[in-house]
Amino acid sequence: MLEPKRNTDINSLSPTYRKKYNAFMKAVLARYPHCIVFEARRTQERQNRLYGVGRTHSKGRKPITWTLYSNHIQGNAVDLVRKYGKNISRVGPYQDLIYICGMYGIKNLTPIETCHFEDDFRNINDVIKQNWIRREVEDERGRRLLHEANNNLKEQL
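Let me sum up the structure you'll find in this document. (Residues numbered from 1 in each chain as written. Predicted model: local features only at pLDDT ≥ 70, side-chain atom pairs only at ≥ 80, totals over all residues. Heavy atoms only, no water.)

With that out of the way, let us pick up the overall build of the protein. For the protein, the count of helices and strands is 5 helices and 5 strands. Order of helices (α) and strands (β) in the protein, N terminus to C terminus: α-β-α-β-β-α-β-β-α-α. The C-alpha atoms of the protein give 16 Å as radius of gyration, which agrees with the globular expectation for 157 residues (15 Å, within 12%). Dimensions of the protein along its principal axes, counting C-alpha atoms only, are 55 × 30 × 25 Å. The 157 residues of the protein split such that 43% are buried. Summarising the internal contacts of the protein: among those between residues at least 6 apart in sequence, 65% fall at separations of at least 24. Just so you have it, the protein exposes about 8,700 Å², and 53% of that area is on carbon and sulfur atoms. (Helix = DSSP H or I, 4+ residues; strand = E, 2+ residues; numbered from the N terminus. Rg over C-alpha atoms; globule rule 2.2 N^0.38 Å. Buried < 20%, exposed > 50% of the residue type's maximum accessible area, 1.4 Å probe, protein only. Contact = heavy atoms within 4.5 Å. Areas by Shrake-Rupley, 256 points an atom, 1.4 Å probe, with all protein chains shown as cover.)

The side chains of a regular strand alternate between both faces of the sheet. Only one face of strand 4 (residues 106-109) is buried, namely the one carrying Ile106 and Asn108, since none of Lys107 and Leu109 on the opposite face is buried. In this sheet, strand 5 (residues 113-119) lies alongside strand 4 in antiparallel orientation, the contact comprising 4 bridges. Residue pairing across strands places Ile106 opposite Asp119, the latter belonging to strand 5. The antiparallel hairpin formed by strand 4 and strand 5 contains 3 residues in its connecting segment. (Pairing = 2+ DSSP bridges.)

Right, let's talk about the nonpolar core for a bit. The biggest cluster of nonpolar side chains holds 28 residues, and the ones touching the most others in it are Tyr21, Phe24, Val78, Leu80, Ile100, Tyr104 and Phe117. For this core, the secondary-structure elements that each account for two or more residues are helix 1 (15-31), strand 1 (35-39), strand 2 (77-84), helix 3 (95-100), helix 4 (124-135) and helix 5 (140-156). Ranked by residue count, the leading element in this core is helix 1, at 7 residues. Excluding anything up to four places from it in sequence, Val78 contacts Leu13, Tyr17, Tyr21, Val37, Glu39, Ala40, His72, Cys115, His116 and Phe117. (Core = buried A, V, L, I, M, F, W, Y, C linked by side-chain atoms within 4.5 Å.)

Before going further, it helps to examine the environment of Leu97. In this fold, Leu97 is placed in helix 3. The buried category is assigned to Leu97, whose relative accessible area is 0%. Counting along the chain gives 69 residues from Leu97 to Val28, while the straight-line C-alpha distance between them is 6.9 Å. Setting aside its immediate chain neighbours within four residues, Leu97 contacts Phe24, Val28, Arg31, Tyr32 and Phe117.

The following block contains the structure:
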């Protein structure tokens, strides 16, 4: 059985998450210009197939996903990877992005799936407000990152 096609179209993301994603991706590309969306919205058929890796088929391989009910299905998650020529890397990945994604109303599934960034379902205005509150306790780098996040988020409103 063929694996259902992978979707990388950010326009398939839910409208609410896409606003957060657009703001976050602006910060991502400033730091990692080779970063791309490996997968965006996913069909249930594809989720079922990926869940079966290492379980019902492709025995001996490490499981790819841990659930049948991913936030990818509703368009509330993306997987980000680095691409250099034809090579794709999920290794590393970007510890600073894992740190700052919360400033955009996005969470990461570290340590299980570090390339996965999904909506934390906070309203953008609430995220901005919480960032301003956090700004008072962050170090200089943290304040700069929070300021950048708020500016990027405000562009999406």
